[in-house]
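Below, each chain spelled out in residue letters.
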Amino acid sequence: MHNKGMAYWLMKSEPSVFSIDDLKREGQTCWDGVRNYQARNFMRDQMKLSDRVLFYHSNATPTGVAGIAEIVREAYPDHTAFDPADPHYDPKSDPNAPTWVMVDIGYVATFPRFVTLDEIKAEPGLAGIVVAQKGSRLSVQPVSEEHFKFLCMLGKHTL
DNA sequence: GCCAACGTTGGC
DNA sequence: GCCAACGTTGGC
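Calculation rules
- Numbering of residues begins from 1 in every chain and follows the order in which that chain's sequence is written.
- Written order determines the labels here, with chains lettered from A and ligands numbered from 1.
- With the structure being a predicted model, the display of local features is reserved for residues of pLDDT at least 70 and the display and counting of side-chain atom pairs for 80 or more, all residues being used for whole-chain, interface and lining totals.
- Side-chain metrics in this entry use all non-hydrogen atoms of the structure; hydrogen atoms and water are not considered.
- By nonpolar core we mean a set of buried residues, namely Ala, Val, Leu, Ile, Met, Phe, Trp, Tyr and Cys, connected to one another through side-chain atoms within 4.5 Å.
- Note on classification: 1.4 Å probe, protein chains only; a residue is buried when its accessible area is under 20% of the maximum for its type, exposed when over 50%, partly exposed between these limits.
- For the purposes of this entry, the term helix denotes a DSSP run of H or I that reaches at least four residues, the term strand denotes a run of E that reaches at least two, and both are numbered from the N terminus.
- For this analysis, residues touch if any pair of their heavy atoms sits within 4.5 Å.
- One heavy atom suffices: a residue is near a molecule or strand as soon as one of its heavy atoms comes within 4 Å of it.
- Following the grouping adopted for this structure description, the nonpolar residues are Ala, Val, Leu, Ile, Met, Phe, Trp, Tyr, Cys and Pro, the charged ones are Asp, Glu, Lys and Arg, and the polar ones are all others, Gly among them.
- Whenever a nitrogen or oxygen atom comes within 3.5 Å of another N or O atom, the pair is scored as a polar contact, on the condition that within protein one atom can donate a hydrogen and the other can accept it, and that pairs from neighbouring residues in sequence are kept only if both atoms are in side chains.
- Aromatic pairs are defined between Phe, Tyr and Trp rings, using the six-membered ring for Trp, whenever the two ring centres lie within 6.5 Å; interplanar angles under 30 degrees are classed as stacked, those over 60 as edge-to-face, and all others as tilted.

Q: Is there a simple way to think about the nonpolar core in this case?
A: The nonpolar side chains of a soluble globular protein tend to be buried, and buried together. With 21 residues, the main nonpolar core has Met11, Trp31, Met43, Met47, Val103, Ile105 and Val140 as its most contacted residues. Among the elements of the structure, β1 (8–13), α1 (20–26), α2 (37–46), β3 (52–57), β4 (64–77) and β5 (101–116) are those that each provide at least two residues to this core. Dropping the residues within four chain positions of it, Met43 is found in contact with Met11, Trp31, Val34, Ala75, Val101, Met102, Val103 and Val140.

See the structure below:
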């Protein structure tokens, strides 16, 4: 279903931890561990079912967009914040009023052609995209429809 | 592995 | 409420 208000996102993952191949194998996953308020607010307030996500490989060689995912479950409490044994444990997050949320994403496609960050930076059609901005560390970012489609084209992905 | 850029924490 | 210290992200 193609809803009119569909939004587009970019989400970063270190492929040594969780790659597009892992997502493909598992089909879907919960996006836990986000501990940045701006990223959380995007997930909590704006992400809707079937929104599209550019799956970005960070801290890798090369870095860049590896494929596409979609939102399959809207924001709900990130239970890893309540678990003292979890690396993302946050003692200040109250189970009765959780500080942190997560969404579930599902696999859509792997780009036939990986689009590197160098290419993104060099491409006039992607001018202003958040991921190419200096010092941009946001792990969850909004992407315009135009930029999303442009990246799909560069990735040889048929929409 | 380095380190610039950035977000968060906590003393005052 | 300021801001120095600290921890993390993520490109390189």
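So much for the structure itself; the text now carries on.
Q: Mind showing me how you'd approach the protein's contact with DNA strand B here?
A: Taken together, Asn36, Tyr37, Lys92, Lys134, Gly135 and Arg137 make up the full set of residues near DNA strand B. Looking at the surface near DNA strand B residue by residue, the class counts come to 1 nonpolar, 2 polar and 3 charged.

Q: Please clarify how the protein's contact with DNA strand C should be interpreted in this entry.
A: Taken together, Lys12, Tyr56, Ser58, Asn59, Thr63, Leu117, Asp118, Lys121, Arg137 and Leu138 form the complete shell of residues around DNA strand C. Sugar and phosphate atoms form 65% of the subset of DNA strand C atoms that lie within 4 Å of the protein. The separation between a phosphate oxygen of DNA strand C and a polar side-chain atom of Tyr56 is 2.9 Å. One nitrogen or oxygen atom from the side chain of Lys121 is found 3.0 Å from a phosphate oxygen belonging to DNA strand C. Looking at the surface near DNA strand C element by element, the count peaks at 3 residues for helix α3 (residues 117–122). A class-by-class count of the residues in the surface near DNA strand C yields 3 nonpolar, 3 polar and 4 charged.

Q: Looking at this structure, I do not really get the packing of aromatic side chains. What am I missing?
A: Here a ring pair, both rings aromatic, is described through the centre-centre distance and the interplanar angle of the planes. In total, this model carries 4 aromatic pairs according to the counting rule given. A centroid spacing of 5.6 Å and a plane angle of 55 degrees characterise the contact between Trp9 and Phe42, whose relative ring orientation is tilted. Here Trp9 is found in strand β1, whereas its partner Phe42 is found in helix α2, with 33 residues between them in sequence. Of the two residues examined, Trp9 and Phe42, each falls in the buried class. Ring geometry for Trp31 against Phe55: centres 5.9 Å apart, planes inclined by 85 degrees, an arrangement best described as edge-to-face. Taken together, the residues span a long stretch of sequence, with Trp31 in the loop between β2 (28–30) and α2 and Phe55 in strand β3 at a distance of 24 residues. Under the relative-accessibility criterion, Trp31 is labelled buried at 9%.

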